[in-house]
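Single-letter residue listing:
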Amino acid sequence: MVILQQKPQDDPFLKFIDYARSVLCPEDDEDIDPNLNGADTRRPSWTWIASRILKTCSAYSSGVTAAILLSDLSQAWNEQRRDGVSKKRPECISQLRKKRRRTKLPNTVTIDSIYEKNFLSLNSVLESVVVDAFVLPGTNIYMLTLGDFWSSNTIDLYLHRRYYDLVDPKNGILKKGREIFLTGCYLRTAAEGYGCPRLLPTEYLVILLDEDEDDDAMIIGAQFCSDLFSSISLDAVNKGVSYSLYGRIEFIGPLEIHGKFGSLQRKQITLVDDDGVKIKFLLWGEQVLLANLFSIGSMLGLDRPYIASSQESVIEESNELCLEYGSATQLFLVPFIQHEEQVCVTLTQNWCQGTGLLSTLDLTPGPKVSQVSLPRDSQGSLDFSCYPFQPFVTDLHDKMTGISLYGVVTNIMKDRNTTKAIFSLRIQDTSGTIWAKLHFTKSWSLGRVSVGHTVYISGLTCTMTKQKCLEALWFESDTGSSFINLSCMPALINSPCLQNLSNLSTLSTQTTCSQMARVWLEMAHCHVNTRLSHALCGHLVNRTPNGFMECSFCHYTCDSEVVRSFHLKITLADETGKIFAWSTDQTAIELLQISPDEFYELPEEEQVMYPSSLENERFMVALVNCNIEGYGQISDNDMISWEITRALKCE
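Just so it is clear, the structure is predicted and the values come from calculations on it, not from any experiment. (Residues numbered from 1 in each chain as written. Predicted model: local features only at pLDDT ≥ 70, side-chain atom pairs only at ≥ 80, totals over all residues. Heavy atoms only, no water.)

Student: Go over empty space enclosed by the protein with me, naming the residues and quoting the values.
Tutor: Scanning the model with the defined rule gives one cavity of 30 Å³ or more in all. Of the volumes computed, that of the largest cavity is approximately 100 Å³. What lines the largest cavity is a set of 13 residues, and nearest its centre among them are Asp 11, Leu 492, Leu 498, Cys 513 and Ser 514. Taken together, the residues of the lining of the largest cavity break down into eight nonpolar, four polar and one charged. (1 Å grid on protein atoms, 1.4 Å probe; cavity = no way out; pocket = protein on both sides within 12 Å on 5 of 7 lines; lining within 4 Å. Points joined across faces, edges and corners; volume = space filled by probe spheres on them. Nonpolar A, V, L, I, M, F, W, Y, C, P; charged D, E, K, R; others polar.)

Student: Give me the lowdown on the nonpolar core, citing residues and values where you can.
Tutor: Counting residues in each nonpolar core, the largest one holds 63 residues, and the members touching the most others are Leu 199, Leu 271, Phe 281 and Phe 294. Residues contacting Phe 281, with those up to four places away along its chain left out, are Lys 267, Gln 268, Ile 269, Leu 271, Phe 294, Leu 300, Leu 302, Leu 323, Glu 324, Tyr 325 and Leu 331. Formed by 39 residues, the second largest nonpolar core is a distinct cluster that contains Phe 384, Val 393, Leu 425 and Ile 434. (Core = buried A, V, L, I, M, F, W, Y, C linked by side-chain atoms within 4.5 Å. Buried < 20%, exposed > 50% of the residue type's maximum accessible area, 1.4 Å probe, protein only. Contact = heavy atoms within 4.5 Å.)

Student: Describe the pattern of salt bridges, listing the residues and the values that go with them.
Tutor: A side chain of one charge can pair with a side chain of the opposite charge when the charged atoms of the two come close. With the rule as written, the count across this model stands at 13 salt bridges. Asp 72 is the salt-bridge partner of Arg 52, the closest N and O atoms lying 3.0 Å from each other. Placement of the pair is Arg 52 in helix H2 (residues 46–59) and Asp 72 in helix H3 (residues 66–81), with a sequence separation of 20 residues. In this structure Arg 52 comes out as partly exposed when scored by relative accessible area, which is 24%. (Salt bridge = Lys/Arg side-chain N within 4 Å of Asp/Glu carboxyl O. Helix = DSSP H or I, 4+ residues; strand = E, 2+ residues; numbered from the N terminus.)

Student: How would you explain the sheet that holds strand E29 (residues 562–574) if you had to name every residue and give the values?
Tutor: Hydrogen bonds between backbone atoms are what pair the strands of a sheet, whose relative direction is either parallel or antiparallel. Reading around the barrel, the five strands line up as E26-E29-E30-E32-E31 and close back on themselves, with mixed pairing between neighbours. In this sheet, neighbouring strand axes are inclined to one another by 45° on average, regardless of whether the strands run parallel or antiparallel. (Pairing = 2+ DSSP bridges. Axes fitted to C-alpha atoms, helices over the stretch in contact; angles between N-to-C directions.)

Student: Which residues make up the pairing of strand E11 (residues 264–272), and what are the values?
Tutor: Successive residues of a regular strand alternate their side chains across the two faces of the sheet. By the criterion of burial, E11 is predominantly enclosed, with seven of the nine residues buried. Sheet topology note: the strand E9 (residues 244–252)/E11 ladder contains four bridges and is antiparallel. Residue Arg 248 lies in a different strand from E11, and its bridge partner there is Val 272. The pairing of strand E10 (residues 256–258) with E11 spans three bridges and is classified as antiparallel. Bridge pairing in E11 links Ile 257 to Gln 265. Two elements, E11 and strand E12 (residues 278–284), share seven bridges in a ladder whose sense is antiparallel. Along E12, the bridge assignment pairs Arg 266 with Trp 284. Counted between consecutive antiparallel strands, the loop separating E11 from E12 contains five residues, among which Gly 276 sits at a positive phi close to 85°.

Student: Residue-level account of the confidence of the model for the protein chain, with values.
Tutor: On average, residues of the protein chain score 83 in pLDDT, and 84% of them reach the 70 mark or higher. Low pLDDT, under 50, characterises residues 347–369; the stretch is placed with 41 contacts to residues that sit more than four places away or in other chains. When the criterion is pLDDT under 50, residues 630–635 qualifies, and its contacts beyond four places in sequence or with other chains add up to eleven contacts. (pLDDT = per-residue confidence, 0-100.)

Student: Could you give an account of the packing of aromatic side chains, naming the residues involved and the relevant values?
Tutor: The tally for this structure, following the rule as stated, stands at 20 aromatic pairs. Centroid distance Tyr 204 to Tyr 325: 6.2 Å. Interplanar angle 45°. Geometry classified as tilted. With Tyr 204 in the loop between strand E7 (198–199) and strand E8 (205–208) and Tyr 325 in the loop between strand E15 (321–324) and strand E16 (330–334), this pair connects stretches of sequence that are 121 residues apart. Summarising the burial analysis for this pair, Tyr 204 and Tyr 325 share the class buried. On the basis of an interplanar angle of 70° and a centroid distance of 5.6 Å, the ring pair of Phe 566 and Phe 599 is categorised as edge-to-face. Taken as a pair, Phe 566 in strand E29 and Phe 599 in helix H12 (residues 596–601) lie far apart in primary sequence, 33 residues in all. Judged by relative accessible area, Phe 566 falls into the buried class, the value being 0%. Overall, the relative accessible area of 3% leaves Phe 599 in the buried class. (Phe/Tyr/Trp six-rings, centres within 6.5 Å; stacked < 30°, edge-to-face > 60°.)

Student: If you had to explain the environment of Cys 25 to someone new, which residues and values would you point to?
Tutor: Here Cys 25 is to be found in the loop between helix H1 (12–24) and H2. Residue classification places Cys 25 among the buried residues on the basis of a relative accessible area of 2%. On a C-alpha basis, the gap between Cys 25 and Arg 43 in space is 5.9 Å, while along the polypeptide they are 18 residues apart.

Student: Could you give me a rundown of the pairing of E12, with the residues and numbers involved?
Tutor: By the criterion of burial, E12 is predominantly enclosed, with six of the seven residues buried. Bridge count between E12 and E15: three bridges; the pairing is parallel. Residue Phe 281 lies in a different strand from E15, and its bridge partner there is Leu 323.

Student: Let's hear about the environment of Ala 236: which residues, and what values?
Tutor: Of note, Ala 236 is situated in helix H7 (residues 234–238). Judged by relative accessible area, Ala 236 falls into the buried class, the value being 17%.

Student: Can you break down the environment of Val 528 residue by residue, with the values?
Tutor: Within the secondary structure, Val 528 is located in strand E26 (residues 515–534). Residue contacts for Val 528: discarding those within four places in its chain leaves Phe 566, His 567, Leu 568, Leu 592, Phe 599 and Pro 611.

Here's what the structure looks like:
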């Protein structure tokens with residue numbers, strides 16, 4: 001059992017998250033569906049609120065108010081909660097809902113939302129229940145009436161003819177109460193207000209089976225347990241023999257592009273059977289939409305798959321067979337059920353009283369313990385993406401996914417032992433430090449991130465290395481992965497609700513957030529230089545002996561991505577004191593009110609005189625402590641303690 005220690009915070013950003021949560025979910029809010037599983041769905045997770053606030057700040061670079069943030073949060077949360085609101089629905093769905101324990105697929109949409117928007121994208125997923133199956137009068141066209149667990153509406157689907165044998169009234173399994181997943185649907189909208197929207201036929205339909213139901217268990221045993229992957233014979237296939245195969249989804253690969261002009265899509269799925277034998281299931285072209293219906297750990301039944309050799313399917317391994325989705329293939333799925341584990345949260349009296357989130361706890365002195373349920377995936381990792389509280393470095397353990405961290409960067413370095421874009425970043429919060437290994441799809445894409453900057457990173461996974469060291473991993477391409485540099489975010493300096501003003505004499509070096517101050521410029525000690533830097537990461541570039549430009553941080557040749565930038569050292573003053581600070585990039589442009597290229601073109605004597613014209617100009621600045629021991633990549637700053645990460649001229 002994992003014990004997580006919560007600590008009080010003085011950071012205005014963190015305080016606003018707690019405040020927003022208390023506004024969204026008052027303590028007397030009792031509207032909760034007892035049939036929903038997992039953590040307390042009345043309250044948004046810490047990660048959800050933090051991500052939503054930062055998303056809004058990114059959209060409003062000129063600044064936000066508390067009212068803007070709370071309005072956006074309230075609207076988004078109410079829309080999300082609508083899935084859990086009790087609605088009148090067919091009885092067969094209500095009965096299934098009571099035992100439904102799986103999580104929603106990423107692209108799932110509700111039938112209600114289709115009616116509201118009168119739109120359905122091709123890659124949307126419908127997790128549906130058959131409410132009725134019937135033949136259109138006077139035709140041989142089968143229709144399914146579909147409902148879902150979250151909607152009061154139903155919608156009709158024209159059934160694709162490849163599934164007609166499954167809808168037979170006597171022996172078919174596509175009947176009332178059967179769950180199906182479908183994607184690749186086109187919506188036929190109502191014409192000029194006449195009729196109702198309907199779904200046109202789609203080939204991309206998966207029929208769900210429940211191993212706990214006797215009828216479904218018999219189907220699995222009778223249809224899928226006689227053929228194993230090792231028993232497949234290409235000679236038998238060529239003679240017309242068909243197979244029904246059953247395996248666990250072990251891996252769902254990324255989208256690949258093939259073809260002379262890069263026009264053919266492919267997705268590769270790895271299946272493993274009860275004997276541990278693995279086989280590849282390939283999806284081509286529009287078929288890749290089917291992967292939206294799958295999840296790792298689910299059991300997939302393939303009736304009459306097309307069986308091809310490795311040469312036919314252009315896969316790397318030789319002498320290997322693979323499966324494809326053929327014209328006669330039908331798919332059956334036993335979804336992976338995420339088991340949940342109780343995770344203990346240790347709370348102090350002050351923390352409880354400060355947030356007001358756990359009013360049901362006994363608030364007598366001493367540590368208190370509460371529990372939340374978190375889903376465990378097929379690899380045994382706990383998913384913390386919906387964990388209600390802020391995760392800290394000290395909370396991290398092996399086999400944790402969906403983690404979000406908020407802290408200060410204390411070191412960054414490029415992994416020189418690989419040609420891939422992998423960077424290591426050390427994050428420090430109030431509880432400790434951890435190295436996070438960042439895996440980028442192509443190259444560094446986060447803009448300038450430097451020591452002392454406050455960052456928010458989501459989508460982290462924790463694993464134990466062979467050396468028994470805990471390692472946090474981040475993959476740019478993963479769903480839910482984000483990286484936001486709050487210190488350089490324009491909106492924060494314009495948003496009073498997310499900041500506290502400090503005097504220069506009271507600046508703290510022991511904080512996880514940027515500090516704001518109103519200052520004026522003094523030019524007695526002002527040094528302005530221009531230099532060439534890498535546009536992607538903002539770091540200095542050097543010319544190699546071969547004449548190429550190489551980034552001192554990324555270590556990439558970047559001749560086409562070089563820009564001229566400022567490196568400014570300047571004295572800031574207010575009524576309480578003075579500090580010497582440095583800045584670069586856009587912040588230096590804001591302070592100097594001239595571009596690096598324009599400054600570079602000035603005659604040398606004008607360059608010398610230019611700073612004096614800015615004497616006593618007043619600014620709001622964001623400051624971070626960049627003098628962190630052990631980081632040697634900014635030696636040209638002569639160990640200046642403070643970096644100005646944002647500046648806003650005061651009118």
